[in-house]
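# Topology and contacts: notes
What follows is each chain in one-letter form.
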Amino acid sequence: MRLEPRPRLVDWTVLVLVTLAVVTGVVSLTAGSAREAWLFVLHGAGGLVLVVLLFWKLRRVRRRVTVRPDRTVALSVLLAAVALAALTTGIAWVLGADPDLAGWTLLTLHMALGVLVVPLVLYHLAKRFRTPARADWEGRRTALQYAGLVLFGALAWRVQQAAVAALDTAGADRRFTGSKPRGGSGNRFPVTSWVLDDPDPVDAEAWRLHVAGAVERPLTLGYGDLDARAERREVLDCTSGWFVERDWRGVPVADLLDEAGVGEGARWVTFHSVTGYRFGFPVDVARDVLLAMHVDGERLDHGHGFPLRVVAPGRRGFQWVKWVTAVEVRETRDWGQWIAIFVSGLD
């Protein structure tokens, strides 16, 4: 029995899997809880099946590339090259490759290539859109072919995990996100900031924390007013591919919200940085957030967010806002935060 589905089905399955890879990749950036591990499994297994489909696709169109090249074909070749590079960097990262790429990790390069695939796919669709015929889907053979692809993806993912355990010295310590352990104790772990954030050191004497918005009693607190009485051990998992587990000590957000009095219609809490960066959580999630002042018994240094940084259990590193200056209680979600995280620090 022929293993390869009909040509139009291969094309459409490639499109579905590329879409799946992009969507699960983007959503996984906010997934830090073990209950969301299935996203990473789906992303990885789908990528491995995509390798097979791209092989079938490229084998079929190779004559078109070599005999009748034009601008559309050239861009299709570029799309194939970028897609293969994205798959290769992702697989290499999982297998333990970790080269120094001028401040980038192989994982961030993988993500950048994945983003670049999107406009190229849209252009390719605009030029070569063909809907499958009903006959393409008919027959037991098609159902068995797709069942085989699903089985291959699951088995290939399991083999890959076994290879990771055998080849990568950090494999046993990786998180389900793929992040690797890095750094020593206290403040000795990587200093990273999302996009452009790089503020001057904060003057603790002049700095103030504001708790405002939909509250009954707005608060303005100096550094000396804060009581770092709560301590908890949490994992900081950065989307660039590393993690640390630390003891954080600071101010429970729940205490601040209780002191300020949350308004009846309040649903969200947004944490603001001195850089303009901000990120928010539902009120019930925000109550579990800690505003850390110390890490492993050391005062936070500037690079890690002094005087306060968000410690949000089960959330990724870019959601752990640094250099916090305001806690804003809101009745609606702050959708503008998705713009702010890319333009903060510009001024």
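All residue numbers here refer to positions counted from 1 along the written sequence of the relevant chain. It should be noted that, the model being predicted, local features are given only for residues of pLDDT at least 70 and side-chain atom pairs only at 80 or more, the latter also being counted only at that level, while totals for whole chains, interfaces and linings use all residues. Note: side-chain values were computed over all heavy atoms of the structure, leaving out hydrogens and water.

### Brief notes about the packing of helix 1 (residues 7–28) against helix 4 (residues 106–128)
Running from amino to carboxyl end, helix 1 crosses helix 4 at an angle of 150°, the nearest separation of the two axes being 10 Å. Taken together, the axes of helix 1 and helix 4 are roughly antiparallel relative to one another. Considering the relative orientation of helix 1 and helix 4, their crossing is left-handed. Judged by residue contacts, Leu 15, Val 18 and Val 22 of helix 1 engage Gly 114, Val 117, Val 118, Val 121 and Leu 125 from helix 4. Helix axes are fitted only over the stretch in contact, all axes being lines through C-alpha atoms; the angle between N-to-C directions runs from 0 to 180 degrees. Strands here mean DSSP runs of E at least two residues long; helices mean DSSP runs of H or I at least four residues long; both are numbered from the N terminus. Should an angle fall under 35 degrees it is taken as roughly parallel, and over 145 as roughly antiparallel, whereas 65 to 115 is taken as roughly perpendicular and any remaining angle as oblique. Whether a crossing is left-handed or right-handed is set by the direction in which the near helix is turned from the far one by less than a right angle, anticlockwise for left-handed and clockwise for right-handed. Working rule for contacts: check all heavy atoms of both residues, and any pair within 4.5 Å makes them a contact.

### Section: the packing of aromatic side chains
Centres within 6.5 Å make a pair out of two Phe, Tyr or Trp rings, where for Trp the six-membered ring is used; the pair is then stacked when the planes are under 30 degrees apart, edge-to-face when over 60, and tilted otherwise. In this structure the tally under the stated criterion is 10 aromatic pairs. When the centroid spacing of 6.3 Å and the interplanar angle of 80° are considered together, the rings of Phe 189 and Trp 248 count as edge-to-face. Of this pair, Phe 189 sits in the loop between strand 1 (180–181) and strand 2 (208–213) while Trp 248 sits in strand 5 (residues 242–252); the two residues are 59 residues apart in sequence, bridging distant segments of the chain. Each member of the pair, Phe 189 together with Trp 248, is buried. One aromatic cluster is present, formed by Phe 271, Phe 279, Phe 281, Phe 318 and Trp 338 through successive ring pairs. A ring has a charge above it when a Lys NZ or an Arg CZ is no more than 6 Å from the ring centre and no more than 35 degrees off the ring normal. A cation sits over an aromatic face here: Lys 180 above Trp 93, 4.0 Å from the ring centre. Geometry around Trp 335 places Arg 333 over its ring, the cationic atom sitting 4.5 Å from the centre. Buried residues are those whose accessible area, probed at 1.4 Å on protein chains only, stays under 20% of the maximum for their type, while exposed residues exceed 50% and partly exposed ones sit between those limits.

### Let's talk about a nonpolar patch on the surface
On the surface, Val 195, Leu 196, Ile 339, Phe 342, Val 343 and Leu 346 cluster together to form a nonpolar patch covering roughly 580 Å² of accessible area. Considering the arrangement of structural elements, one finds Phe 342 in helix 9 (residues 337–343). Of the residues examined, Phe 342 reaches a relative accessible area of 47% and is grouped as partly exposed. Candidates for patches are residues over 30% relative accessible area with no salt bridge; among them, like charges are joined within 9 Å and nonpolar side chains (Val, Leu, Ile, Met, Phe, Trp, Tyr) within 5 Å. Calculation of accessible area relied on Shrake-Rupley with a 1.4 Å probe; when residues are assessed, cover is drawn exclusively from the protein chains displayed. The salt bridge criterion pairs a side-chain nitrogen of Lys or Arg with a carboxyl oxygen of Asp or Glu, the two atoms within 4 Å.

### Observations regarding the environment of Ala 92
Counting through the fold element by element, Ala 92 comes out in helix 3 (residues 71–94). In this structure Ala 92 comes out as partly exposed when scored by relative accessible area, which is 23%. With residues near it in sequence (within four places) discarded, Ala 92 still touches Ala 97 and Leu 106.

### Some remarks on the pattern of salt bridges
Scanning the entire structure with this criterion turns up 16 salt bridges. With its nearest N and O atoms 2.8 Å apart, the salt bridge here joins Arg 175 to Asp 237. Remark: Asp 237 occurs in strand 4 (residues 230–238) and Arg 175 occurs in the loop between helix 6 (140–167) and strand 1; sequence separation between them is 62 residues. Residue Arg 175 is classed as partly exposed on the basis of its relative accessible area of 22%. The exposure class assigned to Asp 237 is buried, which follows from its relative accessible area of 0%. Across the pair Arg 246 and Asp 296 runs a salt bridge, and its minimum N-O distance is 3.6 Å. Taken together, the positions of Arg 246 in strand 5 and Asp 296 in the loop between strand 8 (290–295) and strand 9 (298–299) put the pair 50 residues apart, joining distant regions of the chain. Exposure remark for Arg 246: the relative accessible area of 6% places this residue in the buried category. A single salt-bridge network, built from bridges that share partners, covers Asp 11, Lys 57 and Arg 60.

### Observations regarding the sheet that holds strand 3 (residues 219–222)
Picture the strands of a sheet paired through backbone hydrogen bonds; they go either parallel or antiparallel. Only strands joined by at least two bridges in the DSSP assignment are considered to pair. Across the sheet, five strands lie side by side as 3-2-11-6-7; this open sheet has mixed pairing. Every interior strand has two partners, whereas the edge strands, strand 3 and strand 7 (278–282), have only one. The sheet shows a mean angle of 15° between the axes of neighbouring strands, taken without regard to direction. Here strand 6 (residues 268–273) pairs with strand 7 via five bridges, running antiparallel. Within strand 7, the position partnered with His 272 by the bridge is Arg 278.

### A word on the nonpolar core
Ranked by size, the top nonpolar core spans 52 residues in total, and within it Leu 209, Trp 248, Phe 271, Leu 291 and Val 310 carry the most contacts. If you tally residues by element for this core, the top one is strand 8, at five residues. Judged by nonpolar contacts, the second largest core, of 20 residues, contains Val 14, Leu 113, Val 117 and Val 121. Take the buried Ala, Val, Leu, Ile, Met, Phe, Trp, Tyr and Cys residues and link them wherever side-chain atoms come within 4.5 Å; each set so joined is a nonpolar core.

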